[in-house]
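# Inside the fold
Chain by chain, the residues run as shown.
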Amino acid sequence: MTQSVSFRITRTAEDVAQMLNALSQRLVKLEQRLESLELQVRQQRSEAETMPAEQRQRLDDVDQLLLDCQELLNSTELCSDAVSNSAEMLSQPSMSESEHEAAAA
């Protein structure tokens, strides 16, 4: 009986050791991946900071133009809706004089 218990304990300890080894390897890989990603982020930030002022100004101007165009499109939609509503009201047949007289009576 003592031998089977000892075998189980030894076997379980080996399984735990293998699991710890596998987890350690995964942790090392994840740490390397994290370092790589952090390096990429740092490089992108440094590139953004070293962007010439002229290029940054051009991009700002493009952003402003896009905003202006969007506002213009929105105001044009509102105007066209108002015009179409007015056109509908004008295109409806108005009451003739006889209908006005009948309504008045």
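Because the structure is predicted, anything quoted here is derived from the model rather than measured.

About the thresholds
- For every chain, the first residue of its written sequence is number 1, and the numbers climb from 1 along that sequence.
- In keeping with the predicted nature of the model, local features appear solely for residues at pLDDT of at least 70, side-chain atom pairs appear and are counted solely at 80 or more, and the whole-chain, interface and lining totals rest on all residues.
- With hydrogens and water set aside, each side-chain value is computed from the structure's full complement of heavy atoms.
- Think of it this way: any DSSP run of H or I at least four residues long counts as a helix, any run of E at least two long counts as a strand, and we number them from the N terminus.
- For the accessible areas, the method is Shrake-Rupley and the probe is 1.4 Å, while residue cover comes only from the protein chains on display.
- For salt bridges, the criterion is a side-chain nitrogen of Lys or Arg within 4 Å of an Asp or Glu carboxyl oxygen.
- Three labels apply to residues, based on accessible area from a 1.4 Å probe with only protein chains included: buried if under 20% of the type maximum, exposed if over 50%, partly exposed otherwise in between.
- One number per residue, pLDDT, summarises how confident the predictor is, and it ranges from 0 to 100.

### Topic: the overall build of the protein chain
- The number of helices and strands found in the protein chain is 3 helices and 0 strands.
- Total accessible area on the protein chain is roughly 10,000 Å²; 58% of this is exposed by carbon and sulfur atoms.

### Examining the pattern of salt bridges
- As enumerated under the stated definition, the model contains 1 salt bridge in all.
- Of the charged contacts in the structure, one is a salt bridge between Arg58 and Glu54, with a shortest N-O distance of 2.5 Å. Here Glu54 and Arg58 lie together in helix 2 (residues 53–91), a separation of 4 residues that amounts to about one turn.
- With a relative accessible area of 48%, Arg58 lands in the partly exposed category.
- Judged by relative accessible area, which is 55%, Glu54 ranks as exposed.

### Regarding the confidence of the model for the protein chain
- Considering every residue of the protein chain, the mean pLDDT works out to 81; 73% of them sit at 70 or more.
- The secondary-structure element of the protein chain with the lowest mean pLDDT is helix 3 (residues 97–104), recorded at 58, while helix 1 (residues 2–49) shows the highest, at 87.

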